[in-house]
Amino acid sequence: MQEWVMSFMEQYGYFGIFLMIALENLFPPIPSEVILPFGGFMTTTTDLTVTGVIIASTAGSVAGAVILYGVGLLVDVERLEKIIERYGNILRVKKEDLHRADAWFDRYGVWTVFFCRMVPLIRSLISIPAGMSNMPFVLFLIFTTLGTIIWNTILVVVGAQLGDSWEEILGFMDVYSTIAYAVLGAAAVLFIFWYSKKRKKHKN
């Protein structure tokens, strides 16, 4: 996969970077951690510029995010309510749970989108709940673009600075991803614990 991605980028330049990053959003196994540093490295061996690579990659990322946002709109809260009506007993989920989660995303969703754009894998998937919660498209676009520019700029610039040694960043990104997933996992566990405790208290 990595060799094919790099070959495609070398052959098609900015368009290749744009397309690979757009596909990375839709197909997470395509790693942005490879695309972006390698794009930075390409600025040292081709006519590509750091600014151009950042613009192309950001445009591709936003394009992919918009598609997933649209998927979220199709699988909206109303449709999930129908699923819960039918399978709620099996899933042990109530409409009230769905509404609380939706209300939470309405309140904190823009910052969730912003920060999650800098977490591998999650950066792609976060667009779906944003669409499901009907987050205002303009806000989604703004915070997606801001978070994406930060992520892309860091990796592209590092790739350009490392030059032939750009692959050294891959080891660091593995560590970063592990830490990010661990933090998100711990946060999820704490949230579930808090929510379960609150729910039991409410029942009593």
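Description of the structure in this document. (Residues numbered from 1 in each chain as written. Predicted model: local features only at pLDDT ≥ 70, side-chain atom pairs only at ≥ 80, totals over all residues. Heavy atoms only, no water.)

## Concerning the side chain of Asn 152
Summarising the element assignment, Asn 152 is placed in helix 8 (residues 137-162). Look at Asn 152 and you get buried, because its relative accessible area is 0%. Beyond its immediate stretch of four places on either side in the chain, Asn 152 contacts Leu 36, Ile 54, Ser 57, Thr 58 and Arg 123. (Helix = DSSP H or I, 4+ residues; strand = E, 2+ residues; numbered from the N terminus. Buried < 20%, exposed > 50% of the residue type's maximum accessible area, 1.4 Å probe, protein only. Contact = heavy atoms within 4.5 Å.)

## Thoughts on the packing of aromatic side chains
Evaluation of the coordinates by the stated rule reveals 11 aromatic pairs. Taking 6.4 Å as the distance between ring centres and 90 degrees as the angle between the ring planes, the aromatic pair formed by Phe 114 and Phe 143 counts as edge-to-face. Of this pair, Phe 114 sits in helix 5 (residues 95-116) while Phe 143 sits in helix 8; the two residues are 29 residues apart in sequence, bridging distant segments of the chain. Owing to a relative accessible area of 12%, Phe 114 belongs among the buried residues under this scheme. Counting every residue linked through ring pairs, the aromatic cluster contains Trp 111, Phe 114, Phe 115 and Phe 143. (Phe/Tyr/Trp six-rings, centres within 6.5 Å; stacked < 30°, edge-to-face > 60°.)

## Focus: unusual backbone geometry
Phi angles above zero are rare outside glycine, and Asn 134 is one such case at about 55 degrees. Residue position: Asn 134 is located in the loop between helix 7 (127-132) and helix 8.

## Notes on helix 8
With 26 residues, helix 8 ought to run about 38 Å at 1.5 Å a step, and its terminal C-alpha atoms sit 37 Å apart, in line with that. When helix 8 is considered as a whole, its buried residues turn out to be Phe 140, Phe 143, Thr 144, Gly 147, Thr 148, Trp 151, Asn 152, Leu 155, Val 156, Gly 159 and Ala 160. Gly 163 occupies a position one or two residues after helix 8 and carries a positive phi of about 60 degrees. (Expected span 1.5 Å × (residues − 1).)

## Focus on the side chain of Ser 127
Inspection of the secondary structure assignment puts Ser 127 in helix 7. Taking relative accessible area as the criterion, Ser 127 reaches 0% and is therefore assigned buried. The contacts of Ser 127, once residues within four sequence positions are left out, are Ala 65, Leu 68, Tyr 69, Arg 117 and Phe 140.

## Observations regarding the nonpolar core
Grouped together as the largest cluster of nonpolar side chains are 35 residues, with contacts concentrated most on Met 9, Phe 38, Val 113, Ala 130, Met 135 and Phe 140. Elements that contribute at least two residues to this core include exactly helix 1 (2-26), helix 2 (32-42), helix 3 (50-74), helix 5 and helix 8. Residue contributions to this core peak at seven residues, all from helix 1. Ignoring any residue separated from it by four or fewer positions in sequence, one finds Met 9 in contact with Gly 16, Ile 17, Met 20, Ile 35, Phe 38, Gly 39 and Met 42. (Core = buried A, V, L, I, M, F, W, Y, C linked by side-chain atoms within 4.5 Å.)

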